[in-house]
Amino acid sequence: MIVPLLAALVSCLALGLAEGGSSCGPIQKVMVQRQWASLYGTEDDRLKFATQVWRDFFRRNKDEVAHFTRVNGGNIYSNDFRGHMLRVFAGLDIIISSLPDDAVFQSVLSHYKQMHVGKGITKDMVTKFGKSMGYVLPDFLHETFAADAWAPCMKVVAEGIAK
């Protein structure tokens, strides 16, 4: 019993080392999903996290507020913008949930890409938003934050949503 378990562990470690943390492979996907589940657990957690990410995004990218006038981006505490924040993160929840199944994942990304067509959402904006998530995630995940898993997986998401 111990030998097959040890062999499986060695295989997983070898796979992780071979991926070198620079790709969104099976181990990185599981890490992102587990961390997301702990972060996205309750409505209060979701709103706190979303608010911090958007606050950081607009602080670093003041010119981007203009893209969000339809949802009152000038006031991230307004009901319109809070609704927008929760919709964005609900979409991200769907994307992260689909990570392990590549066909479903690609279909989900294609859907969200189509939603952003004609709204002026660029790959650069999505990348900046991902960076803001990267700045805020450690505040919520603390020492468990796996940057080497989040970075490559969120890069794949950004490239898929805004090609």
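The structure under discussion appears in the preceding block.
What this report covers is the structure whose coordinates are included nearby. (Residues numbered from 1 in each chain as written. Predicted model: local features only at pLDDT ≥ 70, side-chain atom pairs only at ≥ 80, totals over all residues. Heavy atoms only, no water.)

Here's the deal with the state of the cysteines
- Inspection of every chain in the model, using the stated rule, returns 1 disulfide.
- Note on cysteine connectivity: Cys-24 is disulfide-linked to Cys-153, with sulfurs 2.0 Å apart. In this structure, the disulfide formed by Cys-24 and Cys-153 twists by about 95° around the S-S bond and is classed as right-handed. Placement of Cys-24 in the loop between helix H1 (2–19) and helix H2 (26–39) and of Cys-153 in helix H7 (residues 147–161) is noted, with a sequence separation of 129 residues between them.
- For Cys-24, a relative accessible area of 15% gives the class buried.
- Cys-153 sits in the buried class, given a relative accessible area of 0%. (Disulfide = S-S within 2.5 Å. Helix = DSSP H or I, 4+ residues; strand = E, 2+ residues; numbered from the N terminus. Buried < 20%, exposed > 50% of the residue type's maximum accessible area, 1.4 Å probe, protein only.)

Regarding unusual backbone geometry
- Backbone geometry places Asn-72, a non-glycine residue, at a positive phi of 60°.
- Position of Asn-72 relative to the elements: it lies in the loop between helix H3 (43–60) and helix H4 (79–97).
- Note on Asn-72: relative accessible area 31%, which makes it partly exposed.
- The phi torsion at His-142 lies on the positive side, around 55°, for a residue other than glycine.
- Along the chain, His-142 falls in the loop between helix H6 (123–141) and H7.

Things to note about the packing of helix H5 (residues 102–116) against H7
- Interhelical geometry of H5 versus H7 gives an angle of 50° and a closest axis separation of 8 Å. If you check the angle between H5 and H7, you find them oblique. For the pair formed by H5 and H7, the contact residues are Phe-105, Leu-109, Tyr-112, Lys-113 and His-116 on the first element and Val-156, Val-157, Gly-160 and Ile-161 on the second. (Axes fitted to C-alpha atoms, helices over the stretch in contact; angles between N-to-C directions. Parallel < 35°, antiparallel > 145°, perpendicular 65-115°, else oblique. Contact = heavy atoms within 4.5 Å.)

Section: the nonpolar core
- Core analysis: the biggest nonpolar cluster contains 42 residues, and Trp-36, Phe-49, Trp-54, Phe-89, Met-133 and Trp-150 have the highest contact counts within it.
- Put simply, the parts of the chain that give this core at least two residues each are H2, H3, H4, H5, H6 and H7. (Core = buried A, V, L, I, M, F, W, Y, C linked by side-chain atoms within 4.5 Å.)

Thoughts on H5
- Relative to the 21 Å expected for 15 residues at 1.5 Å per residue, H5 spans 21 Å between its end C-alpha atoms, a close match to the ideal helical length.
- Looking one or two residues past H5, Gly-118 carries a phi angle of roughly 80°, positive in sign. (Expected span 1.5 Å × (residues − 1).)

All we've got here are geometric facts, nothing functional implied.
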